[in-house]
Amino acid sequence: MKGRNYEKVEKLFQRCLMKILNIDLWKTYLHYIKEAKGSLPSYREKMAQAYDFALDKIGMDIMSYQIWADYINFLKSVEAVGSYAENQRISAVRKVYQRGCINPMINIDILWKEYCAYENSINPLIAKKMAEDRGRDYMNARRVAKEYELITKGLNRNSVSVPPQNNPEEAKQVEMWKKYIQWEKNNPLRTEDHATITKRVMFAYEQCLLCLGYHPDIWYEAALFLEQSSKLLTEKGDQNAGKLFADEAATVYERAITTLLKKNILLHFAYADFEEGRMKYEKVHSIYKKLIQINEQDPTLVYVQYMKFARRAEGIKTARSVFKLAREDGRTKYHVYVAAALMEYYCSKDKSVTYKIFELGLKKYGHTPEYAQAYIDYMSHLNEDNNTRVLINKVLSSGLLTAENSSEIWRKFLEFESNVGDLASVISVEKRRNLMMDKLKEFEGKETALIIDRYRYMDLYPCDTTELRALGYQQPVTQTFMSSSTEAGMAAPNANVVEEESVKKPAYPKPDTTQMLPFKPKKVLSTEAHTVPGGVFPPPPVASHLITLMPPPACFNGPFVIIDKFIEQLKDMKLPDAPPQFEHHVNGDTKMDPGTALSVEHASGKKRKIATGDSRNESDDEDGPAVPPIHDIYRSRQQKRVK
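About the criteria used
- Residues numbered from 1 in each chain as written.
- Predicted model: local features only at pLDDT ≥ 70, side-chain atom pairs only at ≥ 80, totals over all residues.
- Heavy atoms only, no water.
- Helix = DSSP H or I, 4+ residues; strand = E, 2+ residues; numbered from the N terminus.
- Buried < 20%, exposed > 50% of the residue type's maximum accessible area, 1.4 Å probe, protein only.
- Contact = heavy atoms within 4.5 Å.
- Areas by Shrake-Rupley, 256 points an atom, 1.4 Å probe, with all protein chains shown as cover.
- Phe/Tyr/Trp six-rings, centres within 6.5 Å; stacked < 30°, edge-to-face > 60°.
- Expected span 1.5 Å × (residues − 1).
- Axes fitted to C-alpha atoms, helices over the stretch in contact; angles between N-to-C directions.
- Parallel < 35°, antiparallel > 145°, perpendicular 65-115°, else oblique.
- Nonpolar A, V, L, I, M, F, W, Y, C, P; charged D, E, K, R; others polar.
- pLDDT = per-residue confidence, 0-100.
- Salt bridge = Lys/Arg side-chain N within 4 Å of Asp/Glu carboxyl O.

(A) Structural detail: the overall build of the protein. Along the backbone of the protein there are 30 helices and 4 strands. Taking all 643 residues of the protein together, the buried fraction comes to 35%. Intrachain contacts of the protein at a sequence separation of at least 6 include 53% that bridge at least 24 residues. For the protein, the accessible surface area stands at approximately 41800 Å², while carbon and sulfur atoms represent 55% of it.

(B) Just the packing of aromatic side chains, in detail. Enumeration over the complete set of coordinates arrives at 34 aromatic pairs. On the numbers, 6.0 Å between centres and 45° between planes, the contact of Phe269 with Tyr288 is tilted. Of this pair, Phe269 sits in helix H12 (residues 265-277) while Tyr288 sits in helix H13 (residues 281-292), placing them 19 residues apart in sequence. On the basis of relative accessibility, which here comes to 14%, the residue Phe269 falls in the buried class. Look at Phe358 and Tyr371: their rings are 6.1 Å apart centre to centre, the planes differ by 50°, and that puts the pair in the tilted class.

(C) How the structure looks around helix H8 (residues 168-185). The terminal C-alpha atoms of H8 lie 26 Å apart, and with 18 residues this matches the ideal 26 Å at 1.5 Å per residue to within 8%. The complete set of buried residues in H8 reads Glu170, Gln173, Val174, Met176, Trp177, Tyr180, Ile181, Trp183 and Glu184. Where H8 is buried, its residues touch helix H7 (124-151) and helix H9 (194-211). Phi turns positive one or two residues past the end of H8, at Asn187, with a value near 60°.

(D) The packing of helix H10 (residues 216-236) against H12, seen in detail. One way to put it is that H10 packs onto H12 with a least axis distance of 10 Å and a crossing angle of 10°. Viewed along their axes, H10 and H12 adopt a mutual orientation that is roughly parallel. Where H10 approaches H12, its residues Pro216, Trp219, Tyr220 and Glu227 are matched on the opposing element by Leu267, Ala270 and Phe274. Of the residues that constitute the contact of H10 with H12, the class distribution is 6 nonpolar, no polar and 1 charged.

(E) Seen up close, the confidence of the model for the protein. Chain-level statistics for the protein give a pLDDT mean of 81 and a share of 81% at 70 or above. When pLDDT is averaged over each element of the protein, H12 comes out on top at 95 and helix H25 (residues 477-482) at the bottom at 39. A low-confidence stretch, residues 477-503 (pLDDT under 50), is modelled with 31 contacts involving residues beyond four sequence positions or located in other chains. Scored below 50 in pLDDT, residues 610-624 makes 12 contacts in the model with residues more than four places away or belonging to other chains.

(F) Summary view of unusual backbone geometry. Unlike most non-glycine residues, Asn187 shows phi in positive territory, near 60°. Within the secondary structure layout, Asn187 lies in the loop between H8 and H9. Of note, the phi angle at Asn383 is positive, near 65°, even though the residue is not glycine. Looking at where Asn383 falls in the secondary structure, it is placed in the loop between helix H18 (369-381) and helix H19 (385-397).

(G) A look at the pattern of salt bridges. Within this structure, the stated rule accounts for 23 salt bridges. A salt bridge links Glu206 to Arg255; the shortest N-O distance between them is 2.8 Å. Of this pair, Glu206 sits in helix H9 while Arg255 sits in helix H11 (residues 239-258), and the two are 49 residues apart along the sequence. The partner of Lys231 in a salt bridge is Glu227, and the shortest N-O contact between them spans 3.7 Å. Of this pair, Lys231 and Glu227 both sit in helix H10, 4 residues apart, which is roughly one turn of that helix. The exposure class assigned to Glu227 is buried, which follows from its relative accessible area of 19%. The network of salt bridges with common partners includes Lys243, Asp247, Glu275 and Arg278.

And the structure:
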């Protein structure tokens, strides 16, 4: 703009203006219109259109007062020739004032005062009626504006959108943004117009996405809210508004998967389900195909969900064609075969096709124990004992599985024989498994631990937790996954075993935590501070009361007594047996030092006399009247003034 290269400026605004609802960016846009279009004959029309466009997009911002005020001043500055043009200008200014006075924002009270003054300047008779008609809406907007300012306090609107960092500051911002959005969803304006509520909520989401654009949950929640609003308006009979909000929800999904979250599988799936609900199957196919074409990620889950959609929407034949594409893709894993086989079993009820798919997958993934387990579980589900035994023996004797990978298969084999076989078959399987386990060092010398699998059932074990650990029993992989609170390689005890174990724990000597002092350091200590190692604590009640009676330490500036030496001096001091002798002068008077005299007076309870000019006239009689000094300067001056 400084270089007056307006073509590039317009291209930049076309790219970002509609997507970025930032108040500063829109103010820059209005400034550009003033500067670039000011010399055109149609400047006023273009400027008015720009202001209306800006207020429609960013007018709900809490800091939008300046745009409202600038628009009103612009309308007031327009020259009107004739009464008709004057009335049109007044109507335009009044319309903007009335829109702004019911819009929650900072400085809304200033806008209201300006509006009242403007109406009074036009016609004082109708100004009062106008204020009464709009007063209730203004008071409601002012109340919401205060809540709006409070709920958005602390939001960092200028933070750059980056991938989730999972730090406390980011978590705090996410929580504050969601709190603000939920506040808008609760309809603080108390309006019955659901379109207005949706517009304000989506404005909050747009503001949030400027800072949290890499968080998929914000995109999904925004699209879900639009979808719910669309259904609500459609149920009320407003088909056009319902369709509009549904299209906006699709736009939100499209923006997410084409900008910041191109590789996010979750949003692609949610978008596909949304379009499937709208019966737009071609769009769903394009979404899944686009996701499959991303080379940097594993497409297995995408193919699985794609097959499920194809079966729901177009039947089992389309799902089989998707499975064919998955087989030809070298990036897929064994999950595709399991999903396709089970789909054939549950949906088409064709066991032969299911068997062929499992066998086809076994040739390709025979070295994968998870695939073998899924195949064995399926055969067990059919309740065909002989076929299940044949399959397990086929998998174990193929030589494709190592000893480490086949341990879970042996466990399943033993569990299967324990359920459907006789004791001889169980013992036979145990012997075969023990021969295989001898090759693993971790099972060396643990013959007793290996027999536990014969008797356990689900999470029930023939030994308690302590005995299982002592025997070195290893829990199954699936059990380890289900019980995250259990240590790796140990049995997963149930709640009763955990409680029993906590009761049987040996009692070790523990410190008395009630006698411990917490660490409470302080830089500035108060007068009643009681410093001990580890912090500052209040002194005992008696000492605290004594400290309150004493003057604060700031009142005494020295000299400071070294207590240790003072106590040593008191210990070495020898007190006389007789009272001290006073010094006798020639005229017979006795004299003592002032400190001793003061101590004697306090001990006897007497009050000190007012000192006279001649110390020889002092008397021990405290009951007599006080004699003024001979040379009293104050009295002599008072007598002179009287004369």
